[in-house]
Each structure stands twice: as structure tokens, then as C-alpha cells.
Amino acid sequence: MIPGPRFWLLAVLVSLVAVSLVVGDECNEDINSILPLPYANMSHMVCKPAWNSFVIRFSQSKDHVVTIVLSATYTSGYVAMGFSRDGMMLNSSAMVGWITRKGKSVIKQYYAEGFSPSQVKHDKGELPLTSIPPFVTVYGGNIHLAYQLKYPSKLKTQPILLAFSSRYPEHHLLSVHDDKTTIYLDFSQGSGSGSSSNSGTSSSNLHHSKTTHGALGLLGWGIILPYGAIIARYFKHKDPLWYYLHVGFQFVGFIFAVAAGFVGLNMYNKFNFHAPAHKGLGITAIVLSVLQVIAFFIRPEKDSKHRRYWNWYHHYVGRIALFFGCLNILLGIQLADAGSSWKIGYGFVLASIILTSFVLEVLKLKTPNKFPPNPSFQLDPVH
């Protein structure tokens with residue numbers, strides 16, 4: 001028995017709840033007791049789950065001293081947090097920390113003159129470290145890197161590189177990372193005395209907006225619209241029920257897709273969230289959907305000589321829009337570093353759609369009499 005849409009909707013909702021619980025636990029972890037001052041003053045810091053198990057806590061004083069505590073799951077090797085001008089590794093400076101095999105704590109600044117390990121120079125870089133010594137420790141299965149930077153003016157949105165490796169540095173020479181990512185972090189959220197609550201609220205609002213945007217997009221582009229297309233292709237023998245179900249599914253899916261787009265644009269404007277490829281794909285998919293809605297109202301009569309061309313248009317524009325929507329969900333999950341829960345959840349959703357389409361296509365080929373062409377409401381004769 002093939003699981004229906006309700007099953008996958010439930011799986012996605014459970015995944016969303018799991019992600020929210022994990023994020024809350026990461027930022028609620030009390031690490032004050034394991035950090036020396038001034039790093040132990042967590043009450044004035046913004047906490048931001050950044051990528052996989054990476055969590056960044058930061059604050060910025062009135063004189064532009066930025067205090068940063070990076071936490072991540074740790075078993076061996078090193079973790080790194082780099083500052084880049086353009087989001088790329090070349091010419092970036094990074095703080096890298098690890099615990100040696102003998103239990104010694106090491107934290108150093110590195111400068112990427114090139115991409116090979118020999119070109120990543122230790123004890124070099126452009127980060128304006130203060131006189132407060134950087135600190136690194138392991139506690140509760142996590143490694144915590146703490147350091148301070150002093151800038152001449154307020155530090156605002158900054159491309160940040162995050163990376164890790166399971167292999168230990170040898171003679172301070174870093175091995176190639178196992179994985180890496182680039183995020184854009186707004187350090188102005190943690191600036192000024194007495195603003196920590198507002199900054200924390202801003203960070204929380206951004207996370208809530210990202211979750212809402214992802215959930216709406218997943219429901220619209222990932223579930224409702226694809227199943228609406230499946231109804232139109234494989235259930236025309238249930239006339240006229242298939243037609244009304246198809247229109248209903250596509251209308252509801254369109255509402256969810258547009259709502260996801262509005263939430264996404266709000267993130268760009270309000271939080272300066274930078275993801276041009278994701279934004280471009282989303283706008284393209286929504287424009288194609290709007291054209292589909294317009295086409296619905298100008299559909300020629302079934303005996304019109306123009307109906308054939310309208311059918312081709314409706315068929316191919318719809319498929320292109322669904323493809324862009326699916327591609328943008330994958331890109332969005334990657335950009336948001338949403339974690340394994342979202343990836344597994346959407347993997348199940350996508351697998352169910354592919355499996356359902358495959359089974360129905362096989363049945364259609366083997367038993368064509370059960371899928372007769374329908375002269376009424378013939379939206380897609382090329383099938």
C-alpha cells in the first residue's frame with residue numbers, strides 16, 4: 001500500500017516540531033560555568049543555530065568589541081569559524097580550535113593564502129583580536145571556541161565560513177575540511193547595552209520566519225501542487241471529479257506557494273537575508289504559477305482550434321513550475337542548514353511522489369482501458 005499525502009504531511013509536521021525542539025535545546029544550554037570572563041556573560045549574547053550542530057553566540061559593545069562563542073559537536077579533529085569579504089575561502093581569516101590527542105587545548109588564527117593545506121598559514125590573519133586570550137574547551141560532547149574582536153566601527157552583516165574536520169592538525173597544519181558552509185551573520189543584532197532582549201527577539205523572529213517560509217513552501221510546492229498534477233494525469237476516468245479535485249488542489253497549493261513567497265521577501269527586507277539564487281528561483285516559479293492561473297480563466301472551448309496550443313502551454317509551463325519549486329525546496333533546505341530532519345522529511349515526501357507516479361504510470365501502460373481519454377475537460381492530451 002502506497003502511503004497517501006496525509007501520511008507525508010504528518011511526517012513533515014513531526015520533522016518541523018523536532019527541528020524546533022533541537023534548536024531550543026542548543027540555545028538553552030548553560031555554558032557559563034565552563035567559560036572564563038568575559039565570555040561567560042551569556043545574558044547579553046544573541047544565540048543563533050547556524051549550521052548542523054554549530055551554534056554561534058555573540059554580542060557587540062558600544063565601543064565595537066565583538067565577543068563570540070562558537071559551539072559544535074566534537075569528537076576529534078578541529079572546528080573553524082572564518083571571516084570573509086565575499087563568502088569565499090581565499091583571503092579569509094579564521095579562528096580554529098581543537099583538543100589534541102593528549103588533551104591539550106589549542107586555538108589559533110589562520111589565514112587562507114590559497115586552498116591547499118600548506119597555504120593556510122597559522123598565527124596569521126586579519127582578525128583584530130583583543131588582548132583577552134582566546135579560549136577553547138570541550139564540555140558535554142561539544143567544543144566551545146571563545147574570542148574577542150575590536151573593530152573601528154559597528155560590525156554589521158558579515159559572510160561567515162564554518163568548517164570542521166575529523167582529522168587532527170599535524171604541526172598546526174590543517175587537513176582539508178570534511179564539510180563547510182557559508183552563512184551571513186548580522187552582528188548588529190547583538191550591539192549596545194541593554195539591547196540583548198531585542199536582539200534575541202530579532203534572532204528568534206528570523207528563525208520563526210525561516211521555519212514558516214520552509215513549511216509553507218514544502219506544503220505548497222512539495223505536496224499539494226505535485227499531487228494535484230498527479231490527479232490530472234492519472235484520474236481523468238473519474239469525470240468530472242478529477243477536474244474539480246485538480247482545480248482545488250492547484251488553487252490551495254498556489255495560495256501556500258504565494259504565502260511562502262511573501263514570507264521569504266519579508267526576510268530579505270527585514271533581516272537582510274542573502275540568498276539570490278533561492279530568491280530568483282522562487283520568483284520564477286511563482287510567476288509561472290500566476291501565468292497558469294491566468295490561463296485557467298482564458299481557456300478556449302474544447303472544440304476551439306486554439307485548444308491544442310493551450311493544452312501544450314498548460315502542460316509544459318506547469319511541469320517547469322513544479323520542477324523549479326522542487327529544486328528551490330532542496331536549495332532552501334541547504335541554505336538554511338535546516339539539518340537532517342528537514343532533509344529526511346522532504347526525502348520521504350519526494351520519494352512518495354515519485355513512487356506514486358511510477359506505480360500509476362505502470363498501471364496506465366498495462367491497463368489503458370482504465371485510463372481512457374476524456375473529451376470533457378481535456379487539459380492535457382499529450383499524456
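Our subject is the structure that appears above.
These numbers were taken from a predicted model, which means no experiment stands behind them.

Notes on the pairing of strand 6 (residues 105-112)
Moving residue by residue along a regular strand, the side chains alternate between the two faces of the sheet.
Piece 1. Taken across its eight residues, strand 6 has seven buried, putting it largely inside the fold.
Piece 2. Sheet topology places strand 5 (residues 93-99) next to strand 6; seven bridges connect them, and they run antiparallel. What sits directly across from M95, in strand 6, is Q109.
Piece 3. Linking strand 5 to strand 6, which pair antiparallel, is a turn of five residues; within it G103 sits at a positive phi near 90°.

Some points on helix 4 (residues 276-297)
Piece 1. For helix 4, with 22 residues, the first-to-last C-alpha span of 32 Å sits near the 32 Å given by 1.5 Å per residue.
Piece 2. Among the residues of helix 4, those classed as buried are H278, L281, G282, A285, L288, S289, Q292 and A295. Projected down its long axis, helix 4 shows its buried positions confined to an angular sector of 140°, all on one face. Away from the buried face of helix 4 by more than 90 degrees, exposed residues P276 and F297 are located.

So, the sheet that holds strand 11 (residues 179-186)
Piece 1. Reading across the sheet, the six strands line up as 7-6-5-4-10-11 and stay open at both edges, with antiparallel pairing between neighbours. A strand with exactly one partner marks an edge of an open sheet, and here the two such strands are strand 7 (120-122) and strand 11. Here the average twist between neighbouring strands, direction ignored, is 25°.
Piece 2. As judged from the six bridges shared by strand 4 (residues 78-83) and strand 5, these two strands associate in the antiparallel manner. Looking at strand 5, one finds that M81 is bridged to M95.

Examining the packing of aromatic side chains
Piece 1. Tallied over the entire structure, the rule returns 10 aromatic pairs.
Piece 2. Ring geometry for W242 and Y243: centres 5.9 Å apart, planes at 80°, overall edge-to-face.
Piece 3. Relative accessible area serves as the criterion here: at 1%, W242 is assigned to the buried category.
Piece 4. Note on Y243 and Y244: the rings are 5.5 Å apart at their centroids and 70° apart in plane angle, and the pair reads as edge-to-face.
Piece 5. Take Y243: its relative accessible area is 7%, and that puts it in the buried class.
Piece 6. On the basis of relative accessibility, which here comes to 52%, the residue Y244 falls in the exposed class.
Piece 7. Linked through ring pairs, W51, F54 and F164 together constitute an aromatic cluster.
Piece 8. Here the basic side chain of K236 rests over the ring of W242, its NZ or CZ set 5.6 Å away from the ring centre.

The rules we used
- Residues numbered from 1 in each chain as written.
- Predicted model: local features only at pLDDT ≥ 70, side-chain atom pairs only at ≥ 80, totals over all residues.
- Heavy atoms only, no water.
- Buried < 20%, exposed > 50% of the residue type's maximum accessible area, 1.4 Å probe, protein only.
- Helix = DSSP H or I, 4+ residues; strand = E, 2+ residues; numbered from the N terminus.
- Pairing = 2+ DSSP bridges.
- Expected span 1.5 Å × (residues − 1).
- Arc of directions from axis to C-beta.
- Axes fitted to C-alpha atoms, helices over the stretch in contact; angles between N-to-C directions.
- Phe/Tyr/Trp six-rings, centres within 6.5 Å; stacked < 30°, edge-to-face > 60°.
- Lys NZ or Arg CZ within 6 Å of the ring centre and 35° of its normal.

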